[in-house]
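# Overview (structure and organization)
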Amino acid sequence: MADDPKTLVSTEWLGQHLKDPDLRVLDASWYLPEAGRDARAEYDEAHIPGARFFDIDDISDARSDLPHMAPPVEKFMSRLRAMGVGDGHQVVIYDGAGLLSAARVWWLFRLMGQENVAVLDGGFPKWKAEERPVEDMPPVIRDRHMTVRFQNHLVRDVTQVSAASKLADYAIVDARAGVRFRGEAPEPREGLRPGHIPGSRSLPYTTLLNSDKTMKSTDEITAAFKDAGVDLSKPVITTCGSGVTAAILALALERTGNRKWSLYDGSWAEWGMFPTVPVATGEA
């Protein structure tokens with residue numbers, strides 16, 4: 001795996017750079033309720049030295065009824081400043097699942113115009129398995145201003161996705177498990193219709209990960225998208241249950257050099273309850 005401080009870095013790379021003065025490490029662990037895990041409590045017990053905890057549910061748009069939608073620019077700036085993260089920093093994000101929610105925070109940074117940000121390949125499980133250092137101490141915080149340049153082209157709303165579904169001018173790719181895509185399993189959130197966005201393709205995010213939760217090679221990623229029937233000559237919209245694992249697809253595309261992607265922030269949490277948009281079931 002080639003280390004790239006703008007997309008994905010190895011545990012070895014982070015180990016070598018951990019004491020760099022302008023490195024900032026974020027623990028972005030997040031879990032669905034049925035996982036029975038408390039991300040904040042786990043961070044307090046043990047985290048990579050110097051890591052700050054990034055709360056996806058808190059650093060979000062409180063005005064929305066949808067889960068952890070992207071926060072307003074001002075909120076993102078103020079929260080990150082309070083965490084001591086800002087201009088001139090190289091950011092590395094990890095999570096406790098290996099590679100799950102860290103990609104979502106990578107996307108948030110990209111959405112805010114920050115490019116010196118990478119996900120830790122294999123996350124905290126790989127870091128611990130290699131017996132690398134951990135601590136339970138809170139980091140020393142020093143304010144750092146962050147300049148934000150919002151990147152509208154990296155996010156899509158329900159109106160834009162609905163148009164893309166009708167016109168088929170974008171490839172829409174769904175990161176949820178196949179049984180949810182086909183409408184054969186209930187959604188974890190109540191009140192949502194089962195199924196998928198008409199015209200979308202199913203590519204469960206787990207397809208892009210190795211057994212140790214590291215990301216597969218760029219050739220394997222490209223093959224997985226093509227095997228799922230995704231036309232990569234079109235710009236891609238990634239979607240999932242609530243905009244978390246859709247970011248894994250976005251990160252994977254970025255790794256392959258594909259810059260023509262965006263993320264449907266509302267994802268199925270919005271589409272599945274929106275009464276005026278159609279729902280398809282079965283295979284794509």
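Given the structure is predicted, the values throughout are model-derived calculations rather than measurements. (Residues numbered from 1 in each chain as written. Predicted model: local features only at pLDDT ≥ 70, side-chain atom pairs only at ≥ 80, totals over all residues. Heavy atoms only, no water.)

## Focus on the packing of helix α8 (residues 218-227) against helix α9 (residues 246-255)
Two quantities define a packed helix pair, namely the angle between the helix axes and the distance between the axes. Here α8 crosses α9 at 120 degrees, and the two axes come no closer than 9 Å. The pairing of α8 with α9 is recorded here as oblique in orientation. The handedness of the crossing between α8 and α9 comes out as left-handed. Here α8 contributes Thr-218, Ile-221 and Phe-225 to the contact with α9, which in turn contributes Leu-249, Ala-252, Leu-253 and Arg-255. Considered class by class, the residues forming the contact of α8 with α9 number 5 nonpolar, 1 polar and 1 charged. (Axes fitted to C-alpha atoms, helices over the stretch in contact; angles between N-to-C directions. Helix = DSSP H or I, 4+ residues; strand = E, 2+ residues; numbered from the N terminus. Parallel < 35°, antiparallel > 145°, perpendicular 65-115°, else oblique. Left-handed = near helix turned anticlockwise from the far one by under 90°. Contact = heavy atoms within 4.5 Å. Nonpolar A, V, L, I, M, F, W, Y, C, P; charged D, E, K, R; others polar.)

## A word on the sheet that holds strand β6 (residues 155-156)
Strand order in this open sheet of 5 strands is β6-β10-β9-β7-β8, and the pairing throughout is parallel. Each having just a single partner strand, β6 and β8 (201-202) make up the two edges of the open sheet. Relative to strand β10 (residues 261-264), strand β9 (residues 236-239) runs parallel, the two being bridged by 3 bridges. Within the sheet, the bridge partner assigned to Thr-238 lies in β10 and is Leu-263. Where helix α4 (residues 102-111) meets the sheet, its contacts fall on β6 and β10, and the angle it forms with β10 comes to roughly 115 degrees. Relative to the sheet, α9 contacts β7 (171-174), β9 and β10, its axis offset from that of β9 by approximately 145 degrees. (Pairing = 2+ DSSP bridges.)

## Observations regarding the packing of aromatic side chains
Counted under the stated rule, the structure contains 5 aromatic pairs. Relative to Phe-53, the ring of Tyr-43 has its centre 5.5 Å away and its plane inclined at 45 degrees; by these criteria the two rings are tilted. In this pair, Tyr-43 is assigned in helix α2 (residues 39-45) and Phe-53 in strand β3 (residues 52-53), connecting sequence segments 10 residues apart. Assessed through its relative accessible area of 13%, Phe-53 is described here as buried. Lying across the ring of Trp-268, Arg-176 places its NZ or CZ 4.6 Å from the centre. (Phe/Tyr/Trp six-rings, centres within 6.5 Å; stacked < 30°, edge-to-face > 60°. Buried < 20%, exposed > 50% of the residue type's maximum accessible area, 1.4 Å probe, protein only. Lys NZ or Arg CZ within 6 Å of the ring centre and 35° of its normal.)

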